[in-house]
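# Coordinate analysis (summary)
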Amino acid sequence: MKIEFIDLKSRYKLERQEILKTLDKVLKKGHLVLTNELEEFEQKICQYTKQNYCLGLNSGTDALMMSLWALGIGKGDEVITSPTSFIATVGAITHVGAKPVFVDVKEDFNIDEDKIIEKINKRTKAIMPVHWTGRICNMDKIKFIARKYNLKIIEDAAQGMGSYYKKFHAGSFSDVAAFSTHPLKNLNALGDGGFITTNNKKIYTKIKLYRNHGMKKRDYVESYGVNSRLDVINAEILKMRLKKLKSINDKRRLNVKIYRENLNNKYIKIPEDKKNQINSYVMLLSQAEKRDSLQKYLSFNKIQSLVYYGTPLHLHKATKKLGYKRGSLPMAEKLAAKVLALPHHQNLSKEQILYVCKKINSFYN
Ligand SMILES: *Cc1c(COP(=O)(O)O)cnc(C)c1O
């Protein structure tokens, strides 16, 4: 048996007819940029997330950058965030001229809300919690802190489509939230893509102008902007795939449950889902003893797994200037040393997951 971590090829086989039909429909119309198909997609996202506004953009990274920019965050400002994320989180903060400030994480890979206050000073302007693997952070406490210290919240909800906390969808807990539709997210485009959601009309209006060169009308430019529009082909593909998101996420959660029930959790652990949390499981991250040997053993048995990620953000060459060292953020470092993402995608069967469990257990025995 061969178990693949990423199933984009088999997914294409399943969806081929639908995708080709969608392409044909869009291409026949002959309009590919900023058409009403994009607006329809944005409305569907508003309905799904129960937010008032959505804007389709080029990527999740752009969504983060534009969110920060729209809130007026820039030079001299500090933004509190998590060291357990993808580099884009701190890249975005840095690109608008602000300084990322790391707060260590908890066993569940998310920012430790009890350590935020000690990092707040008069330069702090915002908190950017990351819903890592689609597990929503403790937003009650983060919102409380933000209100008390007059800070903005920008959710890095890149992995948050289909994630809920107390029945509220990711993006409901902040001034603005950034989502990604990169091919490896659960709601994925045919290439790069992303969007923001917000209930704040001012933020929406600013980003809407900014993503399209600051052009208010075809021949009237109000201010400089960039080119970051979700293209129409991907808007249509995403609209089609949005209908399948719930069943994809449900299947992923079911696969996670099978792992939980069958893995020998003395040596390999998966963080619990708390009551009130619905996790999209873009990734299934475990904490594995003898991680590197386990990964080799799995690979020998044709089971793909991924170290996601082995280096916390504060230990990259790019982030060196921020002044963190090994030991600065002990939990993030401890988790990174043992982290292993297991194959759990929606097209894996129960038998396949059980096979992976059996191999993992036999490795430890
Ligand atoms: C994927 C991801 C991003 C970046 O999104 P892109 O669409 O690839 O630019 C940012 N943050 C997190 C947590 C992500 O998982």
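Predicted model only: the values in this text are computed from it and were never measured.

Criteria and cut-off values
- Residues numbered from 1 in each chain as written.
- Predicted model: local features only at pLDDT ≥ 70, side-chain atom pairs only at ≥ 80, totals over all residues.
- Heavy atoms only, no water.
- Near = heavy atom within 4 Å.
- Polar contact = N/O pair within 3.5 Å; in protein donor to acceptor, adjacent residues only side chain to side chain.
- Areas by Shrake-Rupley, 256 points an atom, 1.4 Å probe, with all protein chains shown as cover.
- Helix = DSSP H or I, 4+ residues; strand = E, 2+ residues; numbered from the N terminus.
- Nonpolar A, V, L, I, M, F, W, Y, C, P; charged D, E, K, R; others polar.
- Axes fitted to C-alpha atoms, helices over the stretch in contact; angles between N-to-C directions.
- Parallel < 35°, antiparallel > 145°, perpendicular 65-115°, else oblique.
- Left-handed = near helix turned anticlockwise from the far one by under 90°.
- Contact = heavy atoms within 4.5 Å.
- Patch = residues over 30% accessible without salt bridge, like charges linked within 9 Å, V, L, I, M, F, W, Y side chains within 5 Å.
- Salt bridge = Lys/Arg side-chain N within 4 Å of Asp/Glu carboxyl O.
- Domains from an automatic or database assignment.
- Buried area = accessible area lost by both parts, 1.4 Å probe.

## Observations concerning the site of the ligand
Around the ligand, a shell composed of 16 residues is seen, among which Gly 60, Thr 61, Gln 159, Ser 180 and Lys 185 lie nearest. The side chain of Thr 61 places a nitrogen or oxygen atom 2.5 Å from an oxygen atom of the ligand. A total of 380 Å² of accessible area belongs to the ligand in isolation, and the protein chains cover 94% of it. Where the shell around the ligand is concerned, the elements lending two or more residues are α3 (60–70) and α4 (88–95). Its residues assigned to classes, the shell around the ligand comprises five nonpolar, nine polar and two charged.

## Section: the packing of α3 against α4
Across the interface, α3 lies against α4 with an axial gap of 9 Å and an inter-helix angle of 40°. When the interaxial angle is binned, α3 and α4 end up oblique. The chirality of how α3 crosses α4 is right-handed. The segment α3 lies against α4, with Thr 61, Leu 64, Met 65 and Leu 68 engaging Ala 88, Thr 89, Ala 92, Ile 93 and His 95. Tallied by class, residues from the contact of α3 with α4 come to six nonpolar, three polar and no charged.

## A few points about the side chain of Asn 249
Relative to the elements of secondary structure, Asn 249 occurs in helix α7 (residues 232–262). What Asn 249 contacts, discounting residues up to four positions off in sequence, is Met 161, Gly 162, Asn 186 and Ser 280.

## Comments concerning a nonpolar patch on the surface
Where nonpolar side chains cluster on the molecular surface, the patch consists of Leu 27, Leu 32, Val 33 and Leu 34 and spans about 320 Å² of accessible area. Looking at where Leu 32 falls in the secondary structure, it is placed in the loop between α1 (8–29) and α2 (36–49).

## Focus on the domain arrangement of the chain
Partitioning the chain into domains gives domain 1 (8–242) and domain 2 (245–364). Listed per partner, the contact involves 40 residues of domain 1 and 38 residues of domain 2. Across the interface of domain 1 and domain 2, roughly 3300 Å² is buried in total on both sides, 58% from carbon and sulfur atoms. Three residues, Phe 109, Arg 135 and Asn 186, lead the burial of domain 1 against domain 2; their summed loss comes to 21% of the area buried on that side. Along the contact surface separating domain 1 from domain 2 lie two salt bridges. Across the salt bridge formed by Lys 274 and Asp 108, the nearest N and O atoms sit 3.7 Å from each other.

## Section: the packing of helix α8 (residues 291–300) against helix α10 (residues 350–364)
It is the contact of α8 with α10, at a shortest axis distance of 10 Å, that shows an interaxial angle of 130°. Taken together, the axis directions place α8 and α10 in an arrangement best described as oblique. The element α8 and its partner α10 pack so that their crossing is right-handed. Across from Ser 293, Leu 294, Tyr 297 and Leu 298 in α8, the residues of α10 making contact are Lys 359, Ile 360, Ser 362, Phe 363 and Tyr 364. Here the residues of the contact of α8 with α10 sort into six nonpolar, two polar and one charged.

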